[in-house]
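Structural overview for review
Listed below are the residues making up each chain.
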Amino acid sequence: MRTDQDQPVRLADYQPPGWLVETVHLDVVLDATATRVRARLKLRPNPAAPAAAPLTLDGDALALQSIALDGTALPADAYTATPDKLSIAQPPQRSFELTVETLVDPTANTQLSGLYRAGDTYCTQCEAEGFRRITYFPDRPDVMAVYTTRIEAEKADAPVLLANGNLVESGDIAGTTRHFAVWQDPFPKPSYLFALVGGTLGHVEDTFVTMSGRRVMLRIYVEPGKEDRAGFAMDALKRAMRWDEQAFGREYDLDIFMIVAVSAFNMGAMENKGLNVFNDKYVLASPQTATDIDYASIDGIIAHEYFHNWTGNRITCRDWFQLCLKEGLTVFRDQEYTADQRSRPVKRIADVRILRAHQFVEDAGPLAHPVRPEVYREINNFYTATVYDKGAEIVRMLAVLLGTDGFRRGLDLYFQRHDGHAATVEDFIACFADATKADLGPFMRWYRQAGTPEVAVTISHDPKARTCTLDVTQMLRPTPGQPDKEPVVIPLALGLVGPDGRDLPLRLADGRAAERGVVTLTRPSESFVFSDVAARPVASLNRAFSAPIKLTTNLTGDDLRFLAAHDGDPFNRWQALQTLGSMLLTDNVRAQRAGAPMRTDAGLIEALGAILAEPALEPAFVAQALTVPSEADVARELGQDVDPDAIFAARTALRAAIGDALGAALRETYRRLSGGGPYSPDAASAGRRSLKNVALDLLAASGGAAAIALAAQQYQTADNMTDRMAAVATLSLHPVPERQAAIDDFYRRFEADPLVIDKWFALQAAIPEAATLGRVRELAQHTAFSLGNPNRVRSLIGAFAQTNQTQFNRADGAGYAFLADTVLALDSRNPQVASRLMTAFRSWRALESGRRAKAEAELRRVAVAPSLSTDVRDIVERSLAPA
Ligand SMILES: [Zn+2]
């Protein structure tokens, strides 16, 4: 238990480290329960810190075995060692070498932070504060050192020994059954990027020649026998390496780049220098076991972790408050990679869906925090949608504001100025300001203020003056700790679409330019007058979602249908349909709450039919257009008095109406897109499958027995997981005998494959009917389930709490009680995963009063539970804090 972490850590209290570490020599003797770690640190006083600093090293549950200074054992009165701290009150005020020996038990490490075992594989996870669970160290990102790691193990126990950097030596230890390997990483790095792996692993291998002609060895390590599922990840890695050279001029630096897939991992993946460690879910793929979405995730995550080599590793964060510096920028980079590799509009739509579903929701609730938080009690709770996804949106806004060239100049300056250093958000923004002479002072508010800006635009046309005026206001609601807000700088990309469907030239009447089709909002309210506008145009606003805002306008239903048909910006064509759908669904939820009948919207369905009939559109785009706002989207739009059953009913009615009205076209679409050659995960093929499966799902939603039969047949005959999974997911929404038959068959087919069985758990956890909670309770006792494996927990419990809106939010509160029980059972074992589950309560205040009271009761029950982890306590207390 890290008791010192109960004290909040504040950005304002930042002090430079008293001591710097020049080199770290680690000697790790692997053993399942008693791994011996000898760390030799070359320390020197930091000239930037106050003089005569004592030396305090961080620890977490450590057992000190020995300590020596310049080779001489330290007397017991010269230091104090506790499990979470090692202090030397009066160290010599000069460079010296400290040797510390600790003993750690990887098998007992169920938190999966530090050195632990995933199956039989030894591996590490050090971000954010896991290195201190291996050895005593100034475990903060602004202490960057050069690491040399010697690993020793029984050959039978761990034939493969890996660490960061380049392999410099390896061999058998004469006269024993043991062997060793020495890895050296020449690039200074913070401790959170340290990694070590030992185990029995197979691998695939390839090479990459960098833009300057250096040959780099690429290796992906997996459990033996799964090598044939690593091919796509290798392909993604090579494409990512090439793309980063072409798009940003960034070249790889070591002789070898390795990825290791492990079966037990708290997160998605980790960018350790030269040795990325991945959740195997994001490496392993075959057509029979992975869906198109899995393939796309692997592509994006392999790229993301690789891109960190420059944005995160070579330039790291000064402190954990700056987490968005590496994550926001790297998410932006992986989004751009995917947009270039696949479809830019479809990628943007998918990212905005995720942003709204997670970040907007976070921003609207008690866990709202700035992209750069100013205080934390547990940093692991800040790996959030806000830091990652809103962080990426801020970088994207910079690119919109400065233009492609200005943005690139700023980023080049950042790489040049800060390579090898630990930087801050201010350092980052200063590079763009210096490179372009832009005043980015007010722009910094995006990092400091939580909450989603609400922008209202009133559009008016004056035919006599031939002007079109946009009257714009912006508002930011209070969030925890931030009652008053300042206006933010909002780049609003827009077009005025003329009656012929074409964009009019944008001429601002005051002579200002709307460069690249963007006006920049800076004030609480302001107006933009466009001249030479003869006929009434339809304004297309926030094109490509140029700013992460909530936008309301006075556009009419006719205007939105016009944009859906004619907007030159594909994102806004999709958005127009979403807005129409959202208006209908929120109206119908309110109608149900008032006991009034629901309305229909023939115009919306006609517009969807027109999109379906437009042959030039990408199938993946059409699939997005036909996907109505999710239950969570509707709940977020409502914002209060949320009744998940009413939302479900409204959404079910709309989907049935679409399936009914467009039945013939959907059947034709399904027929046209069925068949084809052997499975390929490429974006175009995936897009065709996604449209085909959306068509099937809508047909089934309209209640036709023929569609159920079609889904059952597709389930049986599918030659790939995408089609098989889509079919069983469609069946899962209907209480028909075919559903249970498919669920049972799925288990029999894939019982030997835990990653596929995760899909089986998630599918059943998401069924929107009253029996589901009982089913989830039973599945939690299934032999294939384990609370000890984060992927299993997320697939069953996480899917239930985060995707099953009606059943998690059961009116009787049983869903909340189940989640609270699970969190309490998991907390002592794995607090990071437990606290992540707990965030499912983040929107509890928006619920209607009955559910709100039941959710609050469960939060209060968890809050008073004995020996809660800091992780869970932090989430619960922030969730309950007065609004
Ligand atoms: Zn990352």
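Residues numbered from 1 in each chain as written. Predicted model: local features only at pLDDT ≥ 70, side-chain atom pairs only at ≥ 80, totals over all residues. Heavy atoms only, no water.

A few points about the overall build of the chain
A count of helices and strands for the chain gives 26 helices and 31 strands. Computed over C-alpha atoms, the radius of gyration of the chain comes to 28 Å, within 12% of the 29 Å expected from 2.2 N^0.38 for 883 residues, which places it in the range of a compact globule. For the chain, the C-alpha atoms occupy an extent of roughly 90 × 65 × 60 Å along the three principal directions. In the chain, once contacts between residues fewer than 6 apart in sequence are set aside, the share between residues at least 24 apart is 71%. For the chain, the accessible surface area stands at approximately 32800 Å², while carbon and sulfur atoms represent 53% of it. Across the chain, 95 positive and 110 negative side-chain charges occur, with their mean positions spaced 2 Å apart. (Helix = DSSP H or I, 4+ residues; strand = E, 2+ residues; numbered from the N terminus. Rg over C-alpha atoms; globule rule 2.2 N^0.38 Å. Contact = heavy atoms within 4.5 Å. Areas by Shrake-Rupley, 256 points an atom, 1.4 Å probe, with all protein chains shown as cover. Lys, Arg positive; Asp, Glu negative; His and termini not counted. Charge placed at Lys NZ, Arg CZ, Asp CG, Glu CD.)

So, the sheet that holds strand S28 (residues 518-521)
Taken together, three strands build an open sheet; the order of strands is S28-S27-S30 and the sheet is antiparallel. This sheet does not close on itself; its edge strands, each paired only once, are S28 and strand S30 (538-541). The average angle at which neighbouring strand axes cross in this sheet is 35 degrees, direction not considered. Docked against the sheet, helix H8 (residues 557-566) engages strand S27 (490-497) and S30, running at close to 65 degrees with respect to S30. (Pairing = 2+ DSSP bridges. Axes fitted to C-alpha atoms, helices over the stretch in contact; angles between N-to-C directions.)

Thoughts on the sheet that holds strand S20 (residues 269-270)
Spatially, five strands are ordered S17-S18-S19-S21-S20 in an open sheet, and the strand pairing comes out mixed. Of all strands in the sheet, those bounded by a partner on one side alone are strand S17 (202-209) and S20. Both S17 and strand S18 (residues 215-222) contribute to a ladder of eight bridges, which runs antiparallel. Across the sheet, Phe208 pairs through a bridge with Val216, a residue of S18.

A word on the coordination of the zinc ion
The protein atoms that coordinate the zinc ion are His304 (NE2), His308 (NE2), Glu327 (OE) and Glu327 (OE), at distances of 2.0 to 2.7 Å. Geometry at the zinc ion is irregular, judged from the four donor atoms that bind it and their angles of 53 to 154 degrees at the metal. For the zinc ion, all donor residues lie on one chain, and their spacing in sequence is H-x3-H-x18-E. Here His304 is found in helix H2 (residues 292-307), whereas its partner Glu327 is found in helix H3 (residues 323-341), with 23 residues between them in sequence. (Donors = N, O, S within 2.8 Å, 3.2 Å for Na, K, Ca; no water. Tetrahedral: all angles 85-135°; square planar, octahedral: opposite > 155°, others 65-115°.)

Some words on H2
Spanning 16 residues, H2 covers 22 Å between terminal C-alpha atoms, matching the ideal 22 Å at 1.5 Å per step. Asp292, Asp294, Tyr295, Ile298, Asp299, Gly300, Ile302, Ala303, His304, Glu305, Tyr306 and Phe307 are the residues of H2 that are buried. (Expected span 1.5 Å × (residues − 1). Buried < 20%, exposed > 50% of the residue type's maximum accessible area, 1.4 Å probe, protein only.)

Re the packing of aromatic side chains
Under the criterion given, the structure shown has 38 aromatic pairs. A ring pair is formed by Trp19 and Phe96, whose centres lie 5.3 Å apart and whose planes are at 70 degrees; its orientation type is edge-to-face. One end of the pair, Trp19, is in strand S2 (residues 19-29); the other, Phe96, is in strand S9 (residues 96-104), with 77 residues separating them in the sequence. Each ring, one from Phe332 and one from Phe407, has its centre 5.4 Å from the other, and the planes form 70 degrees; the classification is edge-to-face. Taken together, the residues span a long stretch of sequence, with Phe332 in helix H3 and Phe407 in helix H5 (residues 385-418) at a distance of 75 residues. Each residue in the set Trp243, Phe248, Tyr252, Phe257, Tyr306, Phe307 and Tyr337 is aromatic and connected to the rest through ring pairs, giving one cluster. Stacked on the ring of Phe187, the Lys or Arg Lys273 has its end atom at 4.2 Å from the ring centre. The side chain of Arg318 reaches across the aromatic face of Tyr14, ending 3.6 Å from its centre. (Phe/Tyr/Trp six-rings, centres within 6.5 Å; stacked < 30°, edge-to-face > 60°. Lys NZ or Arg CZ within 6 Å of the ring centre and 35° of its normal.)

Some words on the environment of Glu129
Looking at where Glu129 falls in the secondary structure, it is placed in the loop between strand S11 (121-125) and strand S12 (145-154). Placed 403 residues apart in sequence, Glu129 and Asp532 show a C-alpha to C-alpha distance of 60 Å.

Looking at the pairing of strand S10 (residues 114-118)
Here S10 lies mainly inside the structure; five of its five residues are buried. Relative to S11, S10 runs antiparallel, the two being bridged by five bridges. Residue pairing in the sheet places Gly114 in a bridge with Gln125 of S11. Two successive antiparallel strands, S10 and S11, enclose a turn made up of two residues, where Gly119 displays a positive phi of approximately 65 degrees.

Focus: the state of the cysteines
Under the criterion given, the structure shown has zero disulfides. The closest cysteine sulfur to the non-disulfide-bonded Cys324 is located on Cys317, 7.7 Å from its own sulfur. (Disulfide = S-S within 2.5 Å.)

Regarding the packing of helix H1 (residues 231-248) against H3
Running from N to C, H1 and H3 point in directions that differ by 105 degrees, and their axes come no closer than 11 Å. Classified by the interaxial angle, the pair formed by H1 and H3 is roughly perpendicular. Here Ala236, Arg239, Ala240, Trp243, Asp244 and Phe248 of H1 come into contact with H3, specifically with Phe332, Arg333, Glu336, Tyr337, Asp340 and Gln341. Partitioning the contact of H1 with H3 into residue classes produces six nonpolar, one polar and five charged. (Parallel < 35°, antiparallel > 145°, perpendicular 65-115°, else oblique. Nonpolar A, V, L, I, M, F, W, Y, C, P; charged D, E, K, R; others polar.)

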